[in-house]
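What follows is the residue order along each chain.
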Amino acid sequence: MDTLTDRPTAGAHLPVASHPRNPGIPLDLDWVASAAANTSAIERRAASLPGRRSVKKDWQAAWLLKAITLIDLTTLSGDDTPGRVRRLCAKARRPVAPALLDALGMPGITVGAVCVYHEMVETAVRALEGSGIPVAAVSTGFPAGLSPFRLRIAEIGESVAAGAAEIDIVISRRHALTGDWRALYDEVAEMRAACGPAHMKAILATGELGTLRNVARASLVCMMAGADFIKTSTGKEGVNATLPVSLVMIRAIRDYLDRTGHRVGYKPAGGISKAKDALLYLALMRDELGLPWCQPDLFRFGASSLLGDIERQIEHHVTGRYSAAFRHPMG
Amino acid sequence: MTIRDIFDTLDYGPAPESADQAMAWLDRHGRRFGHWIEGRFTPADGAAFETRNPATGQVLAACRQGDHADVDAAVRAAARAQKAWGATAGHDRARVLYALGRLVQKHSRLFAVLETLDTGKPIRESRDIDVPLVARHFGYYAGIAELIEAEMPGTAPVGVCAAVIPWNFPLLMLAWKVAPALAAGCTVVLKPAEYTPLTALLFAEISREAGLPKGVLNIVTGDGATGAALVAHPGPAKVAFTGSTEVGRAIRAATAGTGKGLTLELGGKSPYIVFDDADLDSAVEGLVDAIWFNQGQVCCAGSRLLVQEGVADRFHAKVRRRMSVLRVGDPLDKCIDVGAIVDRVQRDRIAAMVGACTGDVWRSPAPLPAGGCFYPPTLITGLAPADPLMQEEIFGPVLVSCTFRTPDEAVQLANNTRYGLAATVWTENVNLALDIAPKLRAGVVWVNAANLFDAAAGFGGLRESGFGREGGWEGIVPWRRPAAAAARAARAVAPVPAPADPIVEGIDRTAKLHIGGRQVRPDGGHSRAVWSPRGHLLGHAGIGNRKDIRNAVEAAQAAQKGWARATAWNRAQVLYYLAENLSARAAEFAARLRGMTGRPGEGEVQAAIRTLFRAAAWADKWEGRVKPVPIRGVALAMPEPQGVIGIVTPDDQPLLGLIALAAPAVALGNAVVAVPSRAFPLAATDFYQVIDTSDVPGGVVNIVTGDAADLGAALAGHMDVEAVWAFGPPALCAMVEGQSVSNLKRTWVSDRAIDWAAHDLRETLARASEIKTVWVPYGE
């Protein structure tokens, strides 16, 4: 339990973890098979969470600033261009108007990372040069993960070579859906190897796994195979990050920590667009895993529109007046 | 603390709900309240007590200490209002109840804040759980009021009712009493707990806006003495109590023999069973809802953790981790999990109980606020059933734990308690869950959940957790009575005295007791001659004693579980077989009845045969319900047999009286110990020969002849008898009710002349069974 009450890590943007990476463990099928997830109970817990946790005033402002440092600012569109990506990177460097940050005594806040397709990695790396903000690349035939396996592995290598510090891989949903955990383990382990020094986030595409039990099992298998992060969604599934899914994955992370001592990060992605949601997720991480999981090396939001709502809430905090979207520079 | 500090620590900071409106309401009343009688507050001056905010010690207001005169005034007001309210059309009562529910919603925040101020419970709970359930309860019973005339023909309101409620859910318990009472057409005098009278007074004030006629709801504040005065007042026809088993027992004793209806919802030590295949993290979260809800001051709190040995260490570690992040503090803070204990007295009581315990005590390290009545969430492991804390209700945020090995052992441990309110089962195995749920002696079972409530689902206990159900259709029953005028008092029937010139013919014939399927001589070795009115010696009946009752109850307990497991159709067949064999000997039984009573017996024998058929018919048709509760899942209302029922049968229909009571009981899986008519015992003793030839398993029906008062007292006082029914003179009824306090068994007594040929078997079936509500949320 000591690991849950560690001091927070200091830096706001951390491509480098302050703890040893998860080396993975041999596949433990008994453990995987024993994973349980009671859907109704998990939904009740998730439903009561907003009523149980509330942060107000200065505390809310501080929490929202923290949330900004945890955002993987993302663009994953077919019409992405270098210009669009450079604009996003500018926003990543300066996510909130400096006057507002100065008013809060918190200058220099940046987002956690910028997340793009492979083709945009070089552009993003150049645009973020000197900022310390890492570039994450979605990889392995994102979002479906159904291109030839050797190409998916090769894609990781190319993105790392292009400067991506983090690789968001997608798992083969079919392995989870058919219960072929060995195949999933082997696939993820090989991808992890291909990542080399880059941190690997394993996207489970939870909206396509059918049951929370499958989410629990897939989470365990990905961690056993060496994932640095487990991530809910590509953002392209019908259902993306939800609180029930998050509870299941967070509990899996905790069980993995308890049994192996290895820390794995969590990234909910897709569907988190309100400041209030971000506070809720932070409270969930704080209560379920502790402060280390409220830092960018162990927690990220995969989000594109969340930042805009947070900016408005921060301006409201500073001025006492409700804000408008157009007052904040777009990304 | 700067924003940069908070950025690093992610402290929660304060998130207080405003108390301004509630304080303004208290101020408008000068912080002094009278009683609410006849639609207005009585003068606030006079003997008073202070009610405090337990989180701060701050005095909130002074309320009147009600005395006999206050109680009397309130009961009189209720009595004056009763006739018109009872005669009000169900639809019009429904309108009032609907308005009451809506008013609670419209003033929901005021109610929630006031409740939190007065009780110390977190605002999340009063806001998200208590107050919405209150509104839901009035809404639900508005519907019952609307339907009552059509759905409950032949019934009428009980009349003036007395309600005494506890401090843990002041407004919700008010709703649980007042909503069904008003729906049924009863008027009410309610005494809230002295720690927490305020929301009841606010409710009363607001009830004016619902068009509730004056005097229909009256509230008298005060302490236990006020409650005792209300219970003892001759006016109310029924008493409804929620509170401690100790006080419930005193109320049972005080109302014995008064003819008042009584429902009791009392304490518990509810088991929380975690099997090794459960979703352990969800089971931990369930515990937060079970034992750290309302600081554990919940009668149905899952306070006794039973965890399968193989996962116990892991589970306890998870529980401790979760406990360490429970936030204890200002109940008005929206980010608090555990609030204040209601009063210093209670907090000290909890501390004393935990202090005296020998287990491994682990307290949450979460900081406690300075001042105020706070107690940390506590887990005590390494206990055995023999430890007092595994048996006694702590009524605080203290979880005790012990391990089990097998499902059977889990059930044994779970049922190893004097209480029987609620139980929780965690397993991912539907076979296991649905096997265990019926085996748990509890009125409510939650599968993979805890503390789910809804107005549509019955709630109430077994054993010393009380009797009666609140919620659902079953919850309206105690507030209604048969509309027909009460029957005349039963005439006393004395045994025919020994004649001056006895006529003794034939071979000597000795009736024995029938215990455990065998004919046995009475333990005391005494018998009594039974004479016909014409002076014939009809035979001898044994005079049973306490030991015979003891033996009969043992035999009945041994037989009952197997009998309840037999299929309903199997039980029906046995009853049909009894009818068949009785029919074959109908002439003999008719002659026996004529011999004893001097009256023709054919009609009674035929009625007995018909009753056996009816009981057989009902055996596989006494169905449960599926309640439309607001979860994805089902709440099953399952009728279950009481267990062993002691029956002191009426005198005047010596065969039919026995069969009309025993057959429905047996049909539903109970075992009975019957004390036959004292005057005319031989029809019953003849009947055991029919029993012996009809495949009735030994011990299912036991017959002990003898003195009704002696045997009735032994049955009513016996701790292993779940229910006792007695039909006879008022002194017998009073004695049975009085003795039943031993284990708070269900009683059914009457000194009226009931024609058992015309009696509705459904009443007997209802009394022979108890509704268990099994909540089964589902979803994968």
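Keep in mind that what you see is a predicted model, and the values were worked out from it rather than measured. (Residues numbered from 1 in each chain as written. Chains lettered and ligands numbered in written order. Predicted model: local features only at pLDDT ≥ 70, side-chain atom pairs only at ≥ 80, totals over all residues. Heavy atoms only, no water.)

Chemist: I'd love a proper account of the interface of chain B and chain A, names of residues and values included.
Modeler: With 44 residues of chain B at the interface, the matching set in chain A holds 47 residues. Both faces combined, the contact of chain B with chain A buries some 4,200 Å², and carbon together with sulfur accounts for 51% of it. The interface formed by chain B and chain A contains 10 salt bridges. Its salt-bridge partner being Asp281(B), residue Arg254(A) comes within 2.7 Å of it at the nearest N-O pair. At the boundary of chain B and chain A, one finds 24 residue pairs in polar contact (both at pLDDT 80 or more). Here the element with the most residues in the side of chain B that touches chain A is helix H1 (residues 3-9) of chain B; it accounts for 6 residues. Taken together, the residues of the side of chain B that touches chain A break down into 18 nonpolar, 5 polar and 21 charged. (Contact = heavy atoms within 4.5 Å. Buried area = accessible area lost by both parts, 1.4 Å probe. Salt bridge = Lys/Arg side-chain N within 4 Å of Asp/Glu carboxyl O. Polar contact = N/O pair within 3.5 Å; in protein donor to acceptor, adjacent residues only side chain to side chain. Helix = DSSP H or I, 4+ residues; strand = E, 2+ residues; numbered from the N terminus. Nonpolar A, V, L, I, M, F, W, Y, C, P; charged D, E, K, R; others polar.)

Chemist: Give a detailed account of the pattern of salt bridges, specifying residues and quantitative values.
Modeler: The final tally for this structure, using the stated rule, is 59 salt bridges over all chains. Notably, a salt bridge pairs Asp751(B) with Arg752(B), separated by 3.0 Å at the nearest N-O pair. For Arg752(B), a relative accessible area of 33% corresponds to the partly exposed category. What emerges from the salt-bridge pattern is a single network uniting Arg45(A), Arg254(A), Asp255(A), Glu288(A), Asp281(B), Glu285(B), Lys318(B), Arg321(B) and Arg322(B). (Buried < 20%, exposed > 50% of the residue type's maximum accessible area, 1.4 Å probe, protein only.)

Chemist: Could you give an account of the state of the cysteines, with specific residues and numbers?
Modeler: Put plainly, two cysteines are in a disulfide when a covalent bond ties their sulfur atoms together. Residue and element names in this part refer to chain B. For the coordinates displayed, the defined rule picks out 0 disulfides over all chains. No disulfide involves Cys-357; its nearest neighbouring cysteine sulfur is the one of Cys-402, lying 13 Å away. Look at Cys-357 and you get buried, because its relative accessible area is 16%. (Disulfide = S-S within 2.5 Å.)

Chemist: Describe the sheet that holds strand E5 (residues 59-64) of chain B, with residues and values.
Modeler: Residues and elements named next belong to chain B. In spatial order, the strands read E1-E5-E4; together these 3 strands make up an open sheet with mixed pairing. With partners counted over all chains shown, the strands left at the sheet margins are strand E1 (32-33) and strand E4 (48-52), one partner each. Strand direction decides the pairing type here: E1 and E5, joined by 2 bridges, are parallel. Bridge pairing in E5 places Phe-33 opposite Cys-63. (Pairing = 2+ DSSP bridges.)

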